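# Secondary and tertiary structure notes
For reference, the chains in residue letters:
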Amino acid sequence: MSSIHDRRHAFRRLHEAGGAFVMPNPWDVGTARFLQSLGFKALATTSAGVAFSQGFPDTDWAVPRDAMLAHIREIVEAVDVPVNADFESGYAHEPGDVAKNVRLCAETGVAGLSIEDATGESSRPLYDLSLAKERIAAARAAIDEAGKGVVLTARAECWLVGHAAPLDESIRRLVAYAEAGADCLYAPGCRTPEEIRAIVEAVAPKPVNVLIPAGTTMGVDEFSALGVKRLSGGSALCRVAWGAFMQAARDVVTTGRFDALAQAVPFDEINGFFRDDLAHGRRPTR
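The model shown is predicted, which means the values in this text are computed figures rather than measured ones. (Residues numbered from 1 in each chain as written. Predicted model: local features only at pLDDT ≥ 70, side-chain atom pairs only at ≥ 80, totals over all residues. Heavy atoms only, no water.)

Omega for the bond connecting A204 with P205 falls within 30 degrees of zero, at 10°, which places this linkage in the cis form. Assignment of secondary structure puts P205 in the loop between α8 (193–203) and β9 (208–211). Of note, the phi angle at E88 is positive, near 50°, even though the residue is not glycine. In this fold, E88 is placed in the loop between β3 (83–86) and α5 (95–106). A positive phi is found at Y91, a non-glycine position, where the angle reads about 55°. Here Y91 shows up in the loop between β3 and α5. Residue classification places Y91 among the buried residues on the basis of a relative accessible area of 10%. (Helix = DSSP H or I, 4+ residues; strand = E, 2+ residues; numbered from the N terminus. Buried < 20%, exposed > 50% of the residue type's maximum accessible area, 1.4 Å probe, protein only.)

Written as structure tokens, this is what we have:
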């Protein structure tokens with residue numbers, strides 16, 4: 001078993017070591033336990049994954065703050081590896097309230113957390129840069145005052161909100177967030193090697209997280225060669241599972257046949273994993 005302190009220290013070391021690491025995103029305890037068993041060195045929650053599992057859209061605060069905190073804590077306590085929290089926009093607009101919520105998130109035992117700069121409002125999709133920077137500075141101060149050692153990731157949501165110049169605006173914002181104290185920088189939606197390299201160079205020497213682009217032909221080594229430190233899948237694994245489920249259910253209702261169910265993973269394979277995991281796995285204690 002590893003302590004929360006040990007996991008936070010290990011997470012920081014991953015950001016300092018050479019090469020990129022992959023941080024996949026479970027959406028419940030079962031998927032977290034399985035991903036850990038494969039040897040991934042860190043995991044991250046996915047706001048979309050937990051929202052979909054509870055029948056909500058992935059929009060800011062559709063899953064209430066306390067419910068999200070409970071989910072994050074559940075994942076942290078299910079595994080021994082570091083967990084990074086997708087904490088959306090911090091469940092608050094004002095810097096002081098962001099700081100309060102960041103402290104609550106740190107208390108779940110996470111090794112890292114991310115704060116977005118999207119407002120959730122169509123008329124003003126991104127916080128003004130001055131306010132966005134204050135929000136990151138407030139999150140940084142909250143972590144430092146608590147002495148938690150949590151890795152703070154700042155996200156520029158320019159691609160995701162359809163900004164007219166997403167690369168230039170992302171770089172402008174990420175540089176400001178680095179100055180405000182973010183440990184890691186992240187602009188989900190950048191896809192090309194040129195975009196990725198530009199972001200890496202703009203915020204160097206701070207590490208960069210890249211959301212693995214759908215359909216990419218690049219592997220870990222190629223991303224690492226661009227200077228990327230961390231690769232995450234966001235909701236991708238969750239959507240792979242949802243895709244198989246939705247297609248099989250549609251086939252049943254449209255054809256009246258059950259051929260699609262033959263693609264299911266054998267019961268004994270899944271049940272056997274969890275039986276062995278329960279018998280031999282070491283559940284961490286806080």
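The discussion continues.
Time to look at the sheet that holds β3. Across the sheet, 8 strands lie side by side as β1-β10-β9-β8-β7-β4-β3-β2; this open sheet has parallel pairing. With one partner strand each, in any of the chains shown, β1 (21–23) and β2 (43–44) form the two edges of the open sheet. With 3 bridges joining them, β9 and strand β10 (residues 230–232) adopt parallel strand pairing. Residue pairing for β10: V210 is matched across the bridge by L231. Set on the sheet, helix α1 (residues 4–16) makes contact with β1, β3, β4 (112–115), β7 (151–155), β8 (184–186) and β10; between it and β1 the angle comes to about 135°. Running at roughly 170° to β7, helix α6 (residues 129–146) makes contact with β4 and β7 of the sheet. (Pairing = 2+ DSSP bridges. Contact = heavy atoms within 4.5 Å. Axes fitted to C-alpha atoms, helices over the stretch in contact; angles between N-to-C directions.)

Inspection of the sheet shows β8 paired to β9 by 2 bridges, in the parallel sense. Bridge pairing in β9 links L185 to V208. As for the winding sense of the linkage, the β-α-β connection from β8 through α8 to β9 is right-handed. On the question of chirality, the crossover connecting β9 to the parallel β10 by way of helix α9 (residues 220–225) is right-handed. (Right-handed = clockwise from strand over helix to strand, strands pointing away.)

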